Amino acid sequence: MSDPVVTCSGIILVVASAGDLASRISGLQEAVQAAQSSADNAWMLASSALVLMMTGPGLALFYGGLVRRKNTLATMMQCFVLMALITVLWALTGYSLAFGEGNALVGDLRYALLRGVDGDPNGDYAPTIPHHTFMVFQLMFAIITPALIAGAFAERMKFSALLVFMTLWALMVYCPMAHMVWGKGGLLNAFAGGAIPCFDFAGGTVVHITSGVSALICALYIGKRQGYPSAAMKPHNLVLSFIGACLLWVGWFGFNAGSALGSSALASSAFVATHFGAAAAALGWIVAEWSRTGKPSVLGAISGAVCGLVAITPASGFVKPLPALVIGFAAGVICYFMVASVKQRFGYDDSLDAFGVHGAGGTVGALLTGVFATNAVNSGLKDAAGRALPLGLVDGNAVQIFHQAVGAAIAWALAAVGTFLILKITDALVGVRVSPEHEIQGLDLSLHGEEAYNFEV
Amino acid sequence: MKKIEAIIQPFKLEDVKEALKSIGIDGMTVSEVRGHGRQKGHKEVYRGQEYEVDLLPKVKIEMIVPSARADEVIRAVIQSARTGKIGDGKIFVYDVVDAIRIHNEERGEAAL
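Note that the coordinates shown come from a computational prediction; the quantities given were computed from them, not determined experimentally.

**Student:** Would you mind going over the overall build of chain B in detail, with residue names and values included?
**Tutor:** What chain B contains, in helices and strands, is 2 helices and 6 strands. Start at the N end of chain B and walk to the C end: the helices and strands fall as β-α-β-β-β-β-α-β. The C-alpha radius of gyration computed for chain B amounts to 17 Å, which surpasses the reference 13 Å derived for 112 residues by more than 25%, pointing to a less compact arrangement than a globule. Projected onto the principal axes, the alpha-carbon positions of chain B cover approximately 60 × 30 × 20 Å. When the 112 residues of chain B are sorted by exposure, 16% land in the buried category. Taking contacts inside chain B between residues at least 6 apart in sequence as the whole, the part at least 24 apart equals 72%.

The structure is reproduced here in structure tokens:
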């Protein structure tokens, strides 16, 4: 039997503290949000740094090792200067053109000069992290994408032309493509009412198809290196390339798992898919190469891994680990034949295989995302009743493969037309290609006045 | 005086140096060079792009010795550098007109 007096006084106590309780609950809610925000922000800042590391030193070493000794520094400089150039452009208008609301094709200027971009989250994109973090994370993608193109015109493009080309390319190709796929109201943005719902978790279309296809146009426009393909143009230092590829692999965890925009289970899933894709692709390339030339090369193994990372990029936040193995393996084999067979047959000089790796791998990944995307991994797309919608073919949504193909085709078209026009403009302004004398001397000396290796006494 | 110029397989350099030391020859100039005689090169493949590499890495040893010792030195080099396969290299012998030691201007065999 309870004591009525005690019970009575207990009720009085509760009534008296009801207002108190409400404020304590809201205080707790704020504390929980703050805890989630700082956890998400920690991962996103780390991811942003990882993605920058992919360009410098990752890609700079990867590409730098693949060129001849006389062009080592010039090739690294092409990557490094983009870390500076794109950053400035991003602050001026780049971020806004990509992520301002704008229309279906391109953003507006609401965030020009980073107006309104501060410590408060942007609810449209990443409600748990500061807008600053989201902006700088996206900047790292905008840096590496044009840097990838440099592989196509390595060893023969003027530095001044590179600056003009990349400025225009970032604003006229990258920003619109990023807006269409990831921006609020973008044409292809499946998660924000895009007319053509396309799944591109971390940039298969935005980063790899655009850079890869632009690379092909650049290679065709600027022409072959003197002596290609009869003169020996062996990679001068595959050890550098090896280190670069390994840094790319690690950095890619920031690229893909970071695209979850928080430290969620989805980030873990993307991390796992990324790793599995890279591993299977390394083996895929090795198998294809070994059976065709009789030797499994180190350059093949690291190239294969990069192809897998490229192909898994759009799929990473949508697929389970075993499909990631399938996507990776397919990319490793297909990209091998693109660079070892298709390139030779057509005779274009995509010097470091930016198209064969990123264009082909990105397209393979974009299409296979339509096959393997599943709401068991990503339940972000819901119907009116809050049920997760089917995503790819494995969920019974076969039409997604068509949507993916349309998205890829738009990326191909924008990159091809945009790059051709930009090359024309660049050629008219400063000339695209170095003089034959400079090309023979090497760009390190002729453009930058220094040499990579000074081993003499 | 004779100049003996031996072009050998790089991995035989230590054996040759050892053999020359054992007969009292300790002055020599060694360079890393590339070249080929009858030995065929090899194929390298980078992402499907094939390159025939016919200039192979070799080591060139140059020694100036008293004429009377030339045959002995040549035999030591042959014995220590030979593997019995194509690519073992060649030895060339030249007459030397004079030799001068820079620091004290000794001349002829005294300068060796």
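Now, onward.
**Student:** Summarise the overall build of chain A; cite the residues concerned and give the values.
**Tutor:** Helix and strand content of chain A: 13 helices and 0 strands. Taken from the N to the C terminus, the helices and strands of chain A come in the order α-α-α-α-α-α-α-α-α-α-α-α-α. The C-alpha atoms of chain A give a radius of gyration of 25 Å, which matches the 23 Å a tight globule of 457 residues would have. Within chain A, buried positions represent 56% of all 457 residues. The contacts of chain A with a sequence gap of at least 6 include a subset with a gap of at least 24, amounting to 75%.

**Student:** An account of unusual backbone geometry is needed here, citing residue identities and associated values.
**Tutor:** A cis amide bond links Gly56 of chain A with the next residue in sequence, Pro57 of chain A, at an omega value of 10°. Among the secondary structure elements, Pro57 of chain A is positioned in helix α1 (residues 4-66). Tyr228 of chain A connects to Pro229 of chain A through a cis peptide bond whose omega is 0°. In this fold, Pro229 of chain A is placed in the loop between α5 (204-222) and α6 (238-257). Non-glycine residue Arg47 of chain B carries a positive phi angle of around 50°. Examined against the element boundaries, Arg47 of chain B turns out to sit in the loop between β3 (42-46) and β4 (49-53). Given 23 C-beta atoms within 10 Å, Arg47 of chain B falls into the buried group.

**Student:** Kindly report on helix α11 (residues 399-429) of chain A, identifying the contributing residues and their values.
**Tutor:** The terminal C-alpha atoms of α11 of chain A lie 45 Å apart, and with 31 residues this matches the ideal 45 Å at 1.5 Å per residue to within 8%. Note on α11 of chain A: the residue one or two positions beyond its end, Gly431 of chain A, has a positive phi of about 85°.

**Student:** Before we move on, can you summarise the interface of chain A and chain B with the specific residues and values?
**Tutor:** Opposite the 14 residues of chain A that make contact, chain B presents 7 residues. Mapped by element, the contributors of at least two residues to the side of chain A that touches chain B are α8 (298-315) and α9 (321-346) of chain A. It is α9 of chain A that contributes the most residues to the side of chain A that touches chain B, 4 residues altogether. Its residues placed into classes, the side of chain A that touches chain B shows 6 nonpolar, 5 polar and 3 charged.

**Student:** Pulling in residues and values, what's your account of the sheet that holds strand β5 (residues 56-65) of chain B?
**Tutor:** Strand pairing in a sheet takes place through backbone hydrogen bonds and is either antiparallel or parallel in direction. Residue and element names in this part refer to chain B. Strand order across the open sheet formed by 4 strands is β2-β5-β1-β6, with antiparallel pairing between neighbours. Of all the strands in the sheet, the pair left with one neighbour each is β2 (29-35) and β6 (89-95). Taking the axes of each pair of neighbouring strands and ignoring which way they run, one obtains an average angle of 20° across the sheet. Bridging between strand β1 (residues 2-8) and β6 involves 7 bridges; their strand directions are antiparallel. The residue of β6 that forms the bridge with Lys3 is Tyr94. Where helix α2 (residues 70-81) meets the sheet, it contacts β1, β5 and β6, and its direction lies at approximately 5° from that of β1.

**Student:** Go over the packing of α5 of chain A against α11 of chain A with me, naming the residues and quoting the values.
**Tutor:** All names here are of chain A. Remark: α5 packs on α11, axes separated minimally by 8 Å, with the N-to-C direction vectors making an angle of 40°. The angle between the axes of α5 and α11 places the two elements in the oblique class. Judged by the sense of rotation from one axis to the other, the crossing of α5 with α11 is right-handed. Facing Thr205, Ile209, Thr210, Val213, Ser214, Ile217, Cys218 and Tyr221 of α5, the residues of α11 in contact are Gly407, Ala408, Ala411, Trp412, Leu414, Ala415, Ala416, Thr419, Phe420 and Leu423. Along the lines of polarity and charge, the residues of the contact of α5 with α11 split into 13 nonpolar, 5 polar and no charged.

**Student:** Account for α8 of chain A, naming residues and giving values.
**Tutor:** Compared with the 26 Å implied by 1.5 Å per residue over 18 residues, the 26 Å span of α8 of chain A between its first and last C-alpha is a close match. Burial analysis of α8 of chain A places 15 of its 18 residues in the buried class, the great majority of the element.

**Student:** Can you tell me about the environment of Gly102 of chain A, naming the residues and giving the values?
**Tutor:** Residue and element names in this part refer to chain A. Assignment of secondary structure puts Gly102 in the loop between α2 (72-99) and α3 (131-149). We classify Gly102 as buried; it has 21 C-beta atoms within 10 Å. Each residue touching Gly102, except ones within four places of it in the same chain, is listed here: Gly107, Asp108, His179, Gly183 and Gly185.

**Student:** Can you lay out the pairing of β1 of chain B for me, pointing to particular residues and giving the numbers?
**Tutor:** Sheet topology note: the β1 of chain B/β5 of chain B ladder contains 7 bridges and is antiparallel. Bridge assignment links Ile7 of chain B to a residue of β5 of chain B, and that residue is Lys60 of chain B.

**Student:** Lay out the packing of helix α7 (residues 265-293) of chain A against α8 of chain A with the relevant residues and their values.
**Tutor:** Residue and element names in this part refer to chain A. Across the interface, α7 lies against α8 with an axial gap of 7 Å and an inter-helix angle of 140°. Between α7 and α8, the interaxial angle falls into the category oblique. Judged by the twist between their axes, the crossing of α7 over α8 is right-handed. Residues Ala273, Thr274, Gly277, Ala278, Ala280, Ala281, Ala282, Gly284, Trp285, Ile286 and Glu289 of α7 pack against Gly300, Ala301, Ser303, Gly304, Ala305, Cys307, Gly308, Leu309, Ala311, Ile312 and Ala315 of α8.

**Student:** Please provide a residue-by-residue account of the confidence of the model for chain B, values included.
**Tutor:** Confidence in the prediction for chain B averages 93 pLDDT; 100% of positions are at 70 or higher. Interface predicted TM-score (ipTM) for the complex: 0.83; the corresponding pTM is 0.90.

**Student:** How would you explain the environment of Val310 of chain A if you had to name every residue and give the values?
**Tutor:** All names here are of chain A. Locating Val310 in the fold gives a position in helix α8. Exposure remark for Val310: the 34 C-beta atoms within 10 Å place this residue in the buried category. Taking the C-alpha atoms as reference, Val310 lies 30 Å from Val117; in sequence the two are 193 residues apart. Contacts of Val310, omitting those with residues within four sequence positions, involve His208, Ala331, Val357, His358, Gly361, Gly362 and Gly365.

**Student:** I'd like a description of the environment of Arg225 of chain A, backed by residues and values.
**Tutor:** All names here are of chain A. Following the sequence through the fold, Arg225 ends up in the loop between α5 and α6. Residue class for Arg225 comes out partly exposed when judged on the 19 C-beta atoms lying within 10 Å of it. The spacing of Arg225 and Val357 is 132 residues in sequence and 20 Å in space, taken between C-alpha atoms. Setting aside residues no more than four positions away along its own chain, Arg225 makes contact with Glu155, Arg156, Met233, Asp349 and Ser351.

Rules used throughout
Residues numbered from 1 in each chain as written. Chains lettered and ligands numbered in written order. Predicted model: local features only at pLDDT ≥ 70, side-chain atom pairs only at ≥ 80, totals over all residues. Helix = DSSP H or I, 4+ residues; strand = E, 2+ residues; numbered from the N terminus. Rg over C-alpha atoms; globule rule 2.2 N^0.38 Å. Buried ≥ 20, exposed ≤ 12 C-beta atoms within 10 Å, placed from the backbone. Contact = placed C-beta atoms within 7 Å. Expected span 1.5 Å × (residues − 1). Nonpolar A, V, L, I, M, F, W, Y, C, P; charged D, E, K, R; others polar. Pairing = 2+ DSSP bridges. Axes fitted to C-alpha atoms, helices over the stretch in contact; angles between N-to-C directions. Parallel < 35°, antiparallel > 145°, perpendicular 65-115°, else oblique. Left-handed = near helix turned anticlockwise from the far one by under 90°. pLDDT = per-residue confidence, 0-100.

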